[in-house]
Structures are given as C-alpha cells and as structure tokens.
Amino acid sequence: MNGEMNNRGKYSQVRAMLAIARASLISITRSPSAVVFSLLFPMIFILVFGFIGGRTISVDVAVQKQCNRNNPVYFALETIGVIKLDTLLTESAIDEGLAKGEVDAALLIRDNGGNSVPRYTVHVTTVNTSREKANVLKSILNNVFYKLNIRDAHIIPSVAELEENEMQIREYKTIDFILPGQLGFSLLSSGVFGTAFVFLSLRQTLVIKRFFATPVHRTYIVLGEALSRLVFSISGALLIILIGHFAFGFTLLHGFLTVINMLVLATLGLVIFMGFGFAVSGLAKNESSIPPIANIITMPQFLLSGTFFSISLFPGWLQPVCKVLPLTYLNEALRKIAFEGASLWSVNHEIGILFLWGILVYALAVKFFRWE
Amino acid sequence: MVEKQQKKNNQSVKTTLFPVKSPIIQVKNLVKKYETLTAVNDITFEVFEGEIYGLLGPNGAGKTTTMEIMETLRKKTSGEIIIDGKSIDTSPGEIKKIIGVQLQAAGYFPSLTLTELMKLFSGLYNVDVNISEMLNRVGLSDKAKAKYKELSGGQKQRFSIATTIINNPKIVFLDEPTTGLDPQARRNLWALIRDIRSKGTTVMITTHYMDEAENLCDRVGIIEKGKIIAVDTPDNLIDDLVKKGFERKKEVKKANLEDVFLNLTGNEWRDE
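Throughout this description, residue numbers start from 1 for each chain and increase along the sequence as written. To read the labels, note that chains go from A and ligands from 1, taken in the order they are written. Residues qualify for local features only when their pLDDT is at least 70, as the model is predicted, and side-chain atom pairs are given and counted only at 80 or more; totals for whole chains, interfaces and linings, by contrast, use all residues.

## Topic: the overall build of chain B
When helices and strands are tallied, chain B shows ten helices and ten strands. Dimensions of chain B along its principal axes, counting C-alpha atoms only, are 55 × 50 × 40 Å. Counts of 20 or more other C-beta atoms within 10 Å of a residue's own C-beta define buried residues, counts of 12 or fewer define exposed ones, and intermediate counts define partly exposed ones; C-beta atoms are placed from the backbone. Evaluated residue by residue, chain B yields a buried proportion of 46% over its 272 residues. The contact criterion used is a C-beta to C-beta distance within 7 Å, with each C-beta placed from the backbone. In chain B, of all internal contacts separated by at least 6 residues, the share reaching a separation of at least 24 is 71%. Numbering of helices and strands starts at the N terminus; helices are DSSP runs of H or I of at least 4 residues and strands are runs of E of at least 2.

And the structure:
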C-alpha cells in the first residue's frame, strides 16, 4: 500500500478541484444531450442557413402564356440575374402564386404591330404584399426601356447620363449574422440547461454528498464543475467558429486575434448564463421541472435576442424588451468583433451591460442555490 | 457506569487481534433534533483504536444520523465529538483527512470507469495511489475499465469501500455496507473489513444483521429510539442474557441454513 496520506503536506484544494473538473468533463462528453445541445444543434442551424445562403435578392416573375417572348425587352430581362423568369405556370397557378407570395409579378408583353409607336406594351401585375420586389422589377424595366429607346432613336443623351460604379466592400454573408447568434444561443443553453442538470443530478445521485465527506471545500466543488463546463463549451465554441470559417466562409476580420476576442466574450457570456443554471438547479425539485424553468429564461432570448434575425425587425413596443436581454448584447458584441473587427475595448458598452447582468444573476444564484 | 464498561473492555482485549489502546472516538451527550423528531437523544460512547465497533439498531433508530454527524456531514444540535484528539466543531477539515467514509446512499459519476473514479478520489484526498492495486484489494481488478453504472450491487459496495480506504484512513465508517447483498458477497465483504482492520485501521460499522455483528465486531452498541441501551462485546451481551435465564425456543443445530447455502453454492465472489 502506497496510499500514504500526506497529513504533513498541505492539502491542495486546487488539486482536488482539478480532479473534479477532469471527472466532470469526462462525464459531460459521455452525455449525449450535452453534445447535442451545445454542438449539434448550432451546427445544424449553421448548415441550414449556410446552404440556403439567401444573400442575393431575386424577383420571381411569372411569364403569362400570351406574352410575346420574341422582343428586345424580353431578351434584356433574360440576361438580368435578379429576375427569375418562369414560363411554365398556368393562369390560375400565377394567381395563386401571387396570392401566396411565391410569385412576385406576372409579365405580359404585347407586340402592337410593326408601325405602332411604341411597338411593345409591357404589362406587369404585382401584389401589394411584395411591393418592394415590384419596385425592383419596375426600376429594372425602366432601365431597360431607357437603353432600348435611346438606342433605337439614336439619341445622344443631352441632360444626364448614368455612370455605374460598383464599390467593392466586404460581403456581409448570412453566416456572418447566423453564426454569432448560434454561438450565443449555444452558450446560453449549455450554461443554463447544462449547469442546472449537472448540479441537480449531483444532488440527486448523492455524488456531491460523497464529495462532502472528503476534505475538498464546497467552493472548490462548484469551481471544479464550472471549470469543466467552461472547457467543454468554449472548445465547442472554437469548433463552431472554425467550421463556420473554413466551411462557410464566416468572416474573421483579424483572423486568430478575432477568434481569441470571440472566445473571451464567449467565456464572459457563459459565466453569466451558468449563474442562471445555478439558480435553476436550486429552484427545480426534480429533473422534469428543469426544462420549464430553464425555458422561461432561454426561449425569450432565443427569439428576441437577434439569434436568427436582427432585432430591428421587431415592432417598436417589443424593442425595449430585446434591448434588456443579455444574449442581445453578447450577440451584438460577437458580430462587431467578428465582422467589423472591433476590439474588446470598443464593445465595452455591451460588456458593461453583461457585467451588470452577471451581478444580478449571481445574486439570484446565491439566493436560490441548494447543496442538498 | 463508564467504569463498568471499561472493565468489560479489558476482558474483550483477549478476543481482539490488536491490543486496545485508547479511545480514538469519543461521543459525549450527542443530541440531534429535527423539527418534530429527536433522532439522537443524548448518547455517549467511545470507540477504541484498532477495534471494529458495531452500531446496531432497527431502522430509524438513529444509526445513520449518528454516523453522519461523526463524518462531519450533518450538524449536531448539542454534545461533543472528539475524533483522534480533534473536535468536530473546530477541525472538521482535519478530521475528513483521516477518516474514510462509506455512505449508506452515495453516488459516483455513473458514466465514469472505476479507474477514472479512483483518479478523482486520489485528487480529492490529495494522495498518490496505485489504482490497480487498490481495485485488486477489493476484487475489482477485472472491472477497472467498466463504468460504475455497469456494476452489480455487491460490486458497487466493494468499489465504495475502495474509495473509503484510498486515503489510508485511521478510521473508516461503514454504514450498512452489506445490506442487499447475497451471502457470498456478504462473507467476502466481512473478509475485506477484517483485512482493513488488520492494517491497524479502526472500523465503525452500522448494521441490522446480528450475525454480521457477532462475526465481525469486537464491541457493539445497541441503539434504540435515539438512545444507546447497551454496549459490550457480543459474547458478553449473549452471556448476560443467558444468565438471566433466556433460552431459545428451538435448539441450535451445529449448522444453519446459510451454512447449507454457502456449502452448496460455494464461497466465491459472484458477478451478480
């Protein structure tokens, strides 16, 4: 037996804490739900939005049966990428498509005969519900008419001429919006659900009671568990960022430095969200009462914190709510850092609000957390 | 009263493997009250270094409460407990380092292997142990890579004892270690407990199996409704009762049914 108890040597709480962190990390990685919630779900959303793309707008134009397709206007429309011409729809399908928003406009071009002025009449049917797209179509048509009319009349523009000049800016891709939101939400659910389930199960399976019988201090039990959650979730965040960058072209303006800044922010966010988890684990009587309580915290943030769409899309009365939630500020800060290349200092407003949340959340956690 | 006990302890020296030295545990006037219930009602006893002391009593008598207060896991209402010269009030942390605790109900991370769990406990106690040697001692070497949740009841108890002795403690507390085990597992756990004591460790055990106490314990304290009603060696308690004229209704044969069972099914540990 070499189990010599080092009574003489000083007992190291840190060593005990690291032992707990290590054991707990192994336990987390072997739990299917932890892996699904913190890695698989965000990856699925990123995949879906990554493939949908949706970065260019398109105007779906149904070509009516009687439409003359052998004229310069039609040829011009065919060459414009934004316009998607569909020649296969019946009249009733076109009407239905317009009503459902699947078709943005119906096109009918009439040939008025060789000597008529003008030679062609272009008839466009649009619906009020997709007015924006209709306007795009109209301006494209006006542009086409202008060019054709000038060409045919051999007129030299006397008043003004359009000179087009496209500036090259960084493309703001869907992934640049979606990934930080998914990352934020992954941290939120891992922090709240993960922490709550772990502490409740430590209590219920009496693992924590066995810990109490060893010399480790209670604080170090919590620190050890928190450390394991941190290592797991931040590794997950790194993986999400790397896959997003290399597979979907997620913009990391300053490369590695940006990744580090994002991970620092992610850590701050996770620590705050874990505070919610501590409180929930104390409030929940058993495993089945965790999801309802945890969802009260996570669902509003999932929907209102700019995870899937910008909070500017919400009606005015809802905006103040959006602007209170901690995930809103984490998401905003993550986006600024990744896409605009902002430094941590320049998102101090967001970080400050997250700190305020931290104080509030840990006050609640101390109040509700239970050991037994 | 104490003097009388002391005298009887001197007699018990003959039956103990190790010479009894001095009390390593002293419990004085211990009281534990819950809101409506007095679980432990003013009990006083001593455990001597190197002995196996059994706390016997029916369910709800206060055995576990008493043990858990001694293990620093529960707060007492009043009274005094000294373990290896340290007061439970002033040095609970020091006491935790020199005791090994097997709880009646305690859990381990279910998805971790025994080796991983032993590493966890070496960290928790700040000790460097040879894990395979420890597992071998409790007969679980072949389960080193098995997850805790895959163990049978008896294997779980043996594993629990491995975590109890990992810090080479001066005293181990075992709370109903054999409850729910088959006769083979029970016998072999007794052998393990004797082995632990043979290394000089004091053992305090609770049980409600009298055959277990008779086989294993140097002295027993019988606890009933939160009070200790008798303390002595099993032999002396039996002799006292016989002296009062007690007779068994059925004459005792040279063997009992358990002997028959073990004779037929063998003594080996089973992978239940």
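## Here we look at the interface of chain B and chain A
Many analyses report the size of an interface as the accessible area lost when the parts associate. With 27 residues of chain B in contact, the opposing surface of chain A contributes 30 residues. Only helix H3 (92–98) and helix H4 (114–125) of chain B provide two or more residues apiece to the side of chain B that touches chain A. It is H4(B) that provides the largest number of residues to the side of chain B that touches chain A, a total of six residues. Charged means Asp, Glu, Lys or Arg here, nonpolar means Ala, Val, Leu, Ile, Met, Phe, Trp, Tyr, Cys or Pro, and polar covers whatever is left, Gly included. Per-class residue counts for the side of chain B that touches chain A are 14 nonpolar, eight polar and five charged.

## Here's the deal with the sheet that holds strand S5 (residues 86–87) of chain B
All names here are of chain B. Reading across from one edge, S2-S1-S4-S5 is the order of the four strands in this open sheet, with antiparallel pairing throughout. In this open sheet, the two edge strands, each paired with only one partner strand, are strand S2 (38–48) and S5. Relative to S2, strand S1 (residues 23–33) runs antiparallel, the two being bridged by eight bridges. Each residue of the ladder has a partner; that of Val27, found in S2, is Phe45. Sitting on the sheet, helix H2 (residues 63–70) is in contact with S1, S2 and strand S4 (78–83), with an inclination near 120 degrees to S1. Strand pairing requires that DSSP identify at least two bridges connecting the strands. To obtain each axis, a line is fitted to C-alpha atoms, and for helices this fit is confined to the stretch in contact; angles are then taken between N-to-C directions over 0 to 180 degrees.

## Focus on the pairing of strand S7 (residues 171–175) of chain B
Residues and elements named next belong to chain B. Burial of S7 is extensive: five of the five residues sit out of reach of the surface. On S7, burial covers both faces: Ile171, Phe173 and Asp175 on one face and Val172 and Leu174 on the other are all buried. As judged from the four bridges shared by strand S6 (residues 99–102) and S7, these two strands associate in the parallel manner. In the sheet register, Ile99 faces S7, and the bridge partner there is Ile171. The pairing of S7 with strand S8 (residues 202–207) spans five bridges and is classified as parallel. Its bridge partner being in S8, Val172 is matched across the sheet by Val203. With the strands pointing away from the viewer, any crossover whose connection runs clockwise from the first strand over the helix to the second is right-handed. Read from S7 through helix H7 (residues 183–198) to S8, the crossover connection turns out right-handed.

## Some details on the packing of helix H9 (residues 256–283) of chain A against helix H10 (residues 290–304) of chain A
Residues and elements named next belong to chain A. Relative orientation of the contacting elements H9 and H10 amounts to 145 degrees, with a least axis distance of 9 Å. The two elements H9 and H10 meet at a crossing, and its hand is right-handed. Of the residues in H10, those touching H9 at Phe276, Val280 and Leu283 are Ile290, Ile293, Ala294 and Ile297. In terms of residue class, the contact of H9 with H10 is made up of seven nonpolar, no polar and no charged. Definitions for this section: a left-handed crossing has its near helix turned counterclockwise from the far helix by less than a right angle. A right-handed crossing has that turn clockwise.

## Focus: the environment of B:Val172
Residues and elements named next belong to chain B. Structurally, Val172 can be placed in strand S7. Between the C-alpha atoms of Val172 and Val101, which are 71 residues apart in sequence, the distance is 5.9 Å. In contact with Val172, not counting residues within four places along its chain, are Gly100, Thr164, Ile165, Ile196, Thr201 and Val203.

## Concerning the sheet that holds strand S3 (residues 105–111) of chain A
Hydrogen bonding along the main chain pairs the strands of a sheet, whether they run parallel or antiparallel. Residue and element names in this part refer to chain A. Read across the open sheet, the four strands follow the order S2-S1-S3-S4; overall the sheet is mixed. If you trace the sheet from one side to the other, it starts and ends with strand S2 (83–86) and strand S4 (120–126), each paired once. Adjacent strand axes in the sheet meet at a mean angle of 30 degrees, parallel and antiparallel pairs treated alike. Judged from the four bridges that link them, strand S1 (residues 59–63) and S2 form a sheet pairing that is parallel. Note on S2: the bridge partner recorded for Ala62 is Asp86. Against the sheet, helix H5 (residues 131–153) contacts S1, S2, S3 and S4, and its axis sits at roughly 70 degrees relative to S1.

## Digging into the confidence of the model for chain B
All names here are of chain B. Across chain B, the average pLDDT comes to 86, with 90% of residues at 70 or higher. The pLDDT value tells you how sure the predictor is about a given residue, anywhere from 0 up to 100. Predicted confidence in chain B is weakest over helix H1 (residues 2–12), with a mean pLDDT of 46, and strongest over H4, with 96. Within the model, the stretch residues 1–15 combines pLDDT values under 50 with 14 contacts to residues more than four positions away or in other chains. In the predicted complex, the global pTM is 0.76; the interface-specific ipTM is 0.85.

## A short note on unusual backbone geometry
Residue and element names in this part refer to chain B. Despite not being glycine, Asn29 has its phi angle at roughly 50 degrees, a positive value. Counting through the fold element by element, Asn29 comes out in strand S1. With 13 C-beta atoms packed within 10 Å, Asn29 lands in the partly exposed category. We note that Asn126 has phi near 55 degrees; this positive angle belongs to a residue other than glycine. The topology assignment puts Asn126 in the loop between H4 and helix H5 (131–137).

## Description of helix H10 (residues 257–265) of chain B
Summarising burial for H10(B): zero of the nine residues are buried, a small minority. Positive phi shows up at B:Gly266, right after H10(B), with a value of about 85 degrees.

## Side note on the environment of B:Pro183
Residue and element names in this part refer to chain B. On the secondary structure map, Pro183 appears in helix H7. For the pair Pro183 and Leu262, spaced 79 residues apart in sequence, the C-alpha separation works out to 7.2 Å. Setting aside anything within four residues of it in sequence, one finds Pro183 in contact with Glu258, Phe261 and Leu262.

## What to know about the nonpolar core
By definition, a nonpolar core groups buried Ala, Val, Leu, Ile, Met, Phe, Trp, Tyr and Cys residues that are joined through C-beta atoms within 7 Å. Core analysis: the biggest nonpolar cluster contains 137 residues, and A:Val192, A:Ala196, B:Leu117, B:Met118, B:Ala162, B:Phe173 and B:Met204 have the highest contact counts within it. When sequence neighbours within four positions are dropped, the list of residues in contact with B:Phe173 reads B:Met67, B:Met70, B:Glu71, B:Ile99, B:Val101, B:Gln102 and B:Met204. Counting 13 residues, the second-largest nonpolar core is a separate cluster that includes A:Ile83, A:Ala106, A:Leu107 and A:Leu137.

## Things to note about the packing of helix H6 (residues 174–204) of chain A against helix H8 (residues 218–248) of chain A
All names here are of chain A. It is at 10 Å that the axes of H6 and H8 come closest, and there the two elements cross at 160 degrees. In terms of their interaxial angle, H6 and H8 are classed as roughly antiparallel. Seen along the crossing, H6 lies across H8 with a hand that is right-handed. Contacts between H6 and H8 pair Ile175, Leu179, Gln182, Leu183, Ser186, Leu187, Ser190, Gly194, Thr195 and Val198 from the former with Glu225, Arg229, Ser233, Gly236, Ala237, Ile240, Gly244 and Phe248 from the latter. Here the residues of the contact of H6 with H8 are counted per class, giving eight nonpolar, eight polar and two charged. Orientation labels follow simple angle bins: below 35 degrees gives roughly parallel, above 145 gives roughly antiparallel, 65 to 115 gives roughly perpendicular, and whatever is left gives oblique.

## Remarks on the confidence of the model for chain A
Across chain A, the average pLDDT comes to 85, with 91% of residues at or above 70. Across residues 1–8 of chain A, confidence stays below pLDDT 50; counting only partners more than four residues off in sequence or on other chains, it has 17 contacts.

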